[in-house]
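Take a look at the letters that make up each chain.
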Amino acid sequence: MLESETPATPVTFPPAFLWGAATSAYQIEGAVREDGRTPSIWDTFSHTPGKTAGGDHGDIAVDHFHRYRDDVALMADLGLTAYRFSISWSRVQPTGRGPAVQRGLDFYRRLVDELLAHGIKPAVTLYHWDLPQELEDAGGWPERDTAYRFAEYAQIVGEALGDRVEQWITLNEPWCAAFLGYASGVHAPGRTDPAASLKAAHTLNLAHGLGTSALRASMPARNSVALSLNSSVVRPFSQDAADLAAAQKIDDLANGVFHGPILHGAYPQTLFTATELITDWSFVEDGDLALINQPLDALGLNYYTPALVSSADADTSGPRADGHGSSAHSPWPGADDVTFHQTPGERTEMGWTIDPTGLHDLIMRYTREAPGLPLYITENGAAYDDKPDPDGRVHDPERVAYLQGHLAAVRRAIADGADVRGYYLWSLLDNFEWAYGYEKRFGAVYVDYATLERTPKSSALWYGQAARTGTLPEVQSIQ
């Protein structure tokens, strides 16, 4: 029996449970100069020497823009019932301002129609980190006006697709956009300004609130509006007061900075205290918290691995073991007195510890944090060094075991009273993995980057069987 299961855990998932896969625009689409699309911050960042592994970029990626029909057919063959994808803002609104380019919107209209024709529910993410470069040039996410530009963009997409798409996500992992983009600089736009990163976090919160209102004003009332948070499961190294304080500081910076205002209408006071030497938070204007604190229809949770932290020793030096890339600059403003520790256990190719108990803990936390709010696991998955065998098949038993363990944790959480309505595997396809380029393969479907041929891995077949039956097959059942 898996550690995340108990004898009382039900065998099946609820009948309406969504079995999905997720992707993002810049990681898979390619066609970066077609139909009026202009550069995003990830186009600029990935073409800057030294920013990505091997100088890799998403100019072609896996060419989903031209191959989307085949990719949708592949999803249908696997038995998936939902697909979460993101919109390329600069494909729809090239300058980040003004009217839409209808040719850009037409691609997403075609994609949605293809999904619906195959009985697959589309879930649209409006922002998965690809800010139009012109908006970055005007100040980016630390600039307050960017939130209002996002609301305008949300209205455009809502009006175009809201008649056919019922599930909407405003932002994906705003923590990464704010702190990896503006504090540590390992993500686009590559800035390293702690004060700017905190300001960016607030603007992203404001964008979510304004975008939620814009979507609701432009779509049928039946549609669901959510956002996806990569909320950290932060565990103290010990129960000593100093380690507990370190865990609280990281929890505020990872979680409270977003779910505080979004779910509860207030930032944690402890967050202000921890960052008072960096900013006075005067960028939070009267009325902002009311704009941010819009009622949600659901909440998306992205989970990969827990964090283990302690108070820093005086002799602590070297890179942080926080799993968020290598940089001389920290993505944790005001937390230089905190040490991240590698948690014990097996690891993925990302170096992330495999721990399904963290997913169960995360689900139960938000079941308490936001009672009555439906939850979706909008990302969960693992990178492995997948290679075809001599017959061209791709066996990835490690990923199958990973998925079985984490889905068992979801099933256990449902048994414990959590309202989890769906799971989106990250990712459908091997793709451009941000600063790691094409070195890390998260896909359930193998992509030969030379030919762009798609081959479902063992994990895709296993997951498809789970989707069709609503149960978790034995790991050995997929050969």
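You'll find the structure just up there.
Owing to the predicted nature of the structure, the values given are computational and were not obtained by experimental measurement.

Caption draft 1: The arrangement of the overall build of the chain in detail. Counting secondary structure elements, the chain contains 15 helices and 13 strands. Expected size for 479 residues packed as a compact globule is a radius of gyration near 23 Å; at 21 Å, the chain falls within 12% of this value. Over its C-alpha atoms, taken along the principal directions, the chain stretches across nearly 60 × 55 × 45 Å. Among the 479 residues that make up the chain, the fraction classed as buried is 61%. Counting only contacts in the chain whose residues sit at least 6 apart along the sequence, the fraction spanning at least 24 positions is 78%. Just so you have it, the chain exposes about 17,700 Å², and 51% of that area is on carbon and sulfur atoms.

Caption draft 2: How the structure looks around the environment of A76. Looking at the element boundaries, A76 is found in helix α3 (residues 64-78). Under the relative-accessibility criterion, A76 is labelled partly exposed at 28%. Taking the C-alpha atoms as reference points, A76 and I120, 44 residues apart in sequence, are found 7.3 Å from one another. Ignoring any residue separated from it by four or fewer positions in sequence, one finds A76 in contact with H118 and I120.

Caption draft 3: Fine view of the pattern of salt bridges. A complete count under the given rule lists 32 salt bridges for this structure. R37 is paired through a salt bridge with D43; the nearest N and O atoms lie 2.8 Å apart. Looking at D43, the relative accessible area reads 7%, which means it is buried. The partner of R67 in a salt bridge is D63, with the nearest N and O atoms 3.2 Å apart. We classify R67 as partly exposed; its relative accessible area is 29%. Under the relative-accessibility criterion, D63 is labelled buried at 13%. Shared partners join several salt bridges into a network, and the residues in it are D386, D396, R399, D430, R441 and K457.

Caption draft 4: Local environment of the sheet that holds strand β5 (residues 224-229). Taken in spatial order, the eight strands close into a barrel running β1-β2-β3-β4-β5-β7-β10-β11, and their pairing is parallel. Neighbouring strand axes in the sheet, compared pairwise and without regard to direction, differ in orientation by 25° on average. In this sheet, strand β4 (residues 167-172) lies alongside strand β3 (residues 121-127) in parallel orientation, the contact comprising four bridges. Across the sheet, T125 pairs through a bridge with I169, a residue of β4. Against the sheet, helix α14 (residues 397-415) touches β1 (18-22), β10 (375-380) and β11 (420-426), its axis set at about 165° to β11.

Caption draft 5: Expanded view of the packing of aromatic side chains. Taken as a whole, this structure holds 34 aromatic pairs when the rule is applied. Plain terms: the ring middles of F13 and F17 are 4.8 Å apart, the flat faces sit at 45° to each other, and that makes the pair tilted. Per residue, the accessibility class of F13 equals that of F17, and both read buried. Here the aromatic residues Y26, W42, F45, W129, F432, W434, Y438 and Y449 are joined through ring pairs into a cluster of three or more.

Caption draft 6: How the structure looks around the sheet that holds strand β9 (residues 338-341). The strand order β6-β8-β9 describes an open sheet built from three strands, whose pairing is mixed. Single-partner strands in this sheet number two, and they are β6 (234-236) and β9. Taken over all neighbouring pairs, the strand axes of this sheet differ in orientation by 40° on average, direction set aside. Bridging between strand β8 (residues 307-311) and β9 involves four bridges; their strand directions are antiparallel. Across the sheet, residue V309 finds its bridge partner in β9, namely F340.

Caption draft 7: Fine view of the pairing of β10. Taken across its six residues, β10 has six buried, putting it largely inside the fold. For the segment spanning β10, α14 and β11, crossover handedness is right-handed.

Caption draft 8: Layout of the packing of helix α13 (residues 356-369) against α14. Interaxial distance between α13 and α14 falls to 8 Å at its minimum, and their mutual angle equals 30°. In terms of axis orientation, α13 runs roughly parallel to α14. α13 and α14 meet at a crossing whose hand is right-handed. Note on element contacts: α14 touches α13 through G405, H406, A409, V410, R412 and A413, opposite P356, L359, H360, I363 and M364. Classifying every residue of the contact of α13 with α14 gives seven nonpolar, three polar and one charged.

Caption draft 9: Inspection of helix α15 (residues 458-469) at higher detail. The terminal C-alpha atoms of α15 lie 17 Å apart, and with 12 residues this matches the ideal 16 Å at 1.5 Å per residue to within 8%. In this structure, the buried residues of α15 make contact with β1, α3, α14, β11 and β13 (454-456). Remark: G470 follows α15 within two positions and exhibits a positive phi of approximately 70°.

Caption draft 10: Representation of the packing of helix α8 (residues 174-182) against helix α10 (residues 241-264) within the structure. For the pair α8 and α10, interaxial distance at closest approach is 10 Å and the crossing angle is 125°. Regarding the angle of α8 to α10, the classification is oblique. When you trace α8 past α10, the crossing you get is right-handed. Contact residues: P174, W175 and F179 in α8; L253, A254, V257 and F258 in α10.

Rules used throughout
Positions within a chain are numbered from 1, following the residues in the order the chain's sequence is written. Under the rules for a predicted model, residues below a pLDDT of 70 receive no local features and side-chain atom pairs below 80 are neither given nor counted, while totals for whole chains, interfaces and linings still include all residues. Derived side-chain values reflect all non-hydrogen atoms in the structure, with water molecules and hydrogen atoms excluded from consideration. Only DSSP runs of H or I covering at least 4 residues are called helices, and only runs of E covering at least 2 are called strands; the numbering of each starts at the N terminus. Two things to know: the radius of gyration comes from C-alpha atoms, and the globule rule equals 2.2 Å times the number of residues to the power 0.38. Here's how the labels work: a residue is buried when its accessible area is under 20% of the maximum for its type, exposed when over 50%, partly exposed in between, all with a 1.4 Å probe on protein chains only. Whether two residues touch is decided by their heavy atoms; if any such pair falls within 4.5 Å, the residues are in contact. Methods summary: accessible areas were calculated by the Shrake-Rupley approach with a probe of 1.4 Å, and residue burial reflects only the protein chains presented. By definition here, a salt bridge exists when the distance from a side-chain nitrogen of Lys or Arg to a carboxyl oxygen of Asp or Glu is within 4 Å. The pairing criterion is simple: DSSP has to find at least two bridges between the two strands. A fitted line through C-alpha atoms represents every axis, and for helices the fit uses only the stretch in contact; the resulting angles, taken between N-to-C directions, go from 0 to 180 degrees. Each pair of aromatic rings taken from Phe, Tyr and Trp, with Trp reduced to its six-membered ring, is defined by centres within 6.5 Å and is described as stacked if the planes are under 30 degrees apart, edge-to-face if over 60, and tilted in the remaining cases. If you view a crossover with the strands going away from you and the path from the first strand over the helix to the second runs clockwise, you call it right-handed. Angle categories: roughly parallel below 35 degrees, roughly antiparallel above 145, roughly perpendicular from 65 to 115, and oblique for all the rest. For any helix crossing, the convention is left-handed if the near helix is rotated counterclockwise from the far helix by under a right angle, and right-handed if that rotation is clockwise. Under the grouping applied here, Gly and all other residues not named as nonpolar or charged are polar, the nonpolar ones being Ala, Val, Leu, Ile, Met, Phe, Trp, Tyr, Cys and Pro and the charged ones Asp, Glu, Lys and Arg. One less than the number of residues in a helix, times 1.5 Å, gives the span that helix is expected to have.

Scope: geometric values only; no functional claims are made or implied.
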